[in-house]
Amino acid sequence: MRGQKRLRTTLGVIAAGTVAAFVFSGCASGSTADGGPELSDEPVTLRFTWWGNDARTAATEELISVFEDEHPNITIEPQYTDWAGYWDKLATETAANDTPDIIQMDEKYIATYGARGALLDLGEVGDQIDTADFPEAALATGTLDGAMYGIPAGLNSYAFMVNPTLLDAAGIEVPDDETWTWDDLAELGAEVSATGAGASWGVAPWGFEDGGLNNWARQHGDALYTEDGDVGLDPDTMAGWYEQLLAMVDSGTTPPASNIIEKQAGGLAESFTATNTAGFGPWWSNQLTALTDASGSPMQALRVPTVDGEADGSAYYKPSMFWSVSARTEHPAEAALFLDFLANSEDAADILLTERGVPANEKIRAYIEPKLSETDAAVVAYVDGLADVVGEAPRMTPPGGAAVEDLLKQYTEQVLFKQLTPEQAAEGFISDLQAAIDAA
């Protein structure tokens, strides 16, 4: 119940804060001849918010410095936090009519904020953001009802990271990820756990974010959301996801429930994968470099195992994140200029490389490839290697669907501690997620 109360409060905060955005979003500045806002010659300050680890923060502060050198009258004030606190802070700022000008936005939230008028339709800035080198399909991921609320920063796909060092210790070769199955994962993971003798395990857990659930649903001919924006997931599909997890916990292939919950609070650097205590773990592809750096081990990204070991279209490309602008910004022209720098500048690309995913801008993507480190190049190779097997992208998370991760954490914990059966958890999750969508 505490999780549901927090959810309703967060949704209410967002709703309250965006009413004024509908009123003020169009009155921030004058316009140019093509309908876009004018750049100012006066000093301008923009607030820029993002989530991420220390490496992302250092890279982002470096590119801010480069931009400010190119545009001396524009100051970018950085604002950053980890993922866990980011959305509560943004919701509170939105409610107080104090949203940062430039927002790193996630797919789960873009419809919620965009549909309520909290984000600027980037079509209103005329041609100040060049999108010529972005595929239409990529741009469509940030578009809702004809309004573009975000420019995709990069592309990701779901993956299983493997630690070859732990596999070597267990006498196991890295599996062929074009043919492996969930049964193979369980078998290999059990061997790694046996070697670890309680100090390390075969498989890091899932159940705390919707990327894995989306992939599992697609493997079973299902989908998280319908075309109408409702929850479309079959309870039996989700129950099977939890049953697979519980089987690995009960067999010792995955760590005990108490260890899992403890690690969840520590972020990427404290994860089983980053601390070399899991042979396999589910992550997004762009996290390969951070996990390799944190662990000191030669991590590899593998395709997600399938039910029968064959490509089934369940893999998909997901925008790693979006660049968005507050509808209440007083400086839309300068905000658009900064987004154009982030999306199209080779200087920005030199700094970011694949830190925010494989660039969705195809020209920039080609530009950085010769400059990539071994792990960054592996991320690009992983994403490229899926080109012939990916299916269509899942339907956009509807307004209110941002509750999905809070609800997953709530129900996964109850499943792990045997407070709910997988069937009960699936029914409760689907009901609560639908209620959050209905309330949006």
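Cut-offs used in this document
- Residues numbered from 1 in each chain as written.
- Predicted model: local features only at pLDDT ≥ 70, side-chain atom pairs only at ≥ 80, totals over all residues.
- Heavy atoms only, no water.
- Buried < 20%, exposed > 50% of the residue type's maximum accessible area, 1.4 Å probe, protein only.
- Helix = DSSP H or I, 4+ residues; strand = E, 2+ residues; numbered from the N terminus.
- Polar contact = N/O pair within 3.5 Å; in protein donor to acceptor, adjacent residues only side chain to side chain.
- Phe/Tyr/Trp six-rings, centres within 6.5 Å; stacked < 30°, edge-to-face > 60°.
- Lys NZ or Arg CZ within 6 Å of the ring centre and 35° of its normal.
- Core = buried A, V, L, I, M, F, W, Y, C linked by side-chain atoms within 4.5 Å.
- Contact = heavy atoms within 4.5 Å.

Asks: Before we move on, could you go through helix 4 (residues 107-115) and cite the residues and values that matter?
Replies: Buried residues dominate helix 4, accounting for eight of its nine residues. For helix 4, the full list of buried residues reads Glu107, Lys108, Tyr109, Ile110, Ala111, Thr112, Tyr113 and Gly114. Where helix 4 starts, the residue carrying a side-chain oxygen 3.0 Å from the main-chain nitrogen of Lys108 turns out to be Asp106.

Asks: Describe the packing of aromatic side chains, naming the residues involved and giving the relevant values.
Replies: Geometrically, a pair of aromatic rings is defined through the distance of the ring centres and the angle of the planes. Summed over all chains, the structure comprises 22 aromatic pairs. Arranged with centres 5.5 Å apart and planes meeting at 40°, the rings of Trp241 and Tyr242 form a pair that is tilted. When its relative accessible area of 2% is taken as the criterion, Trp241 is described as buried. The positively charged end of Lys263 is found above the aromatic ring belonging to Phe272, 5.7 Å away from the centroid. Directly above the aromatic system of Trp284 lies the positively charged group of Lys318, at a separation of 5.2 Å from the ring centroid.

Asks: Pulling in residues and values, what's your account of the nonpolar core?
Replies: Met238, Phe280, Phe429 and Leu433 are the most contacted members of the largest nonpolar core, which has 55 residues in total. Tallying contributions element by element places helix 9 (residues 235-251) first for this core, with eight residues. What Met238 contacts, discounting residues up to four positions off in sequence, is Leu213, Leu233, Leu408, Ala426 and Phe429. Counting 54 residues, the second largest nonpolar core, distinct from the first, contains Ile76, Ala111, Ala118 and Phe134.

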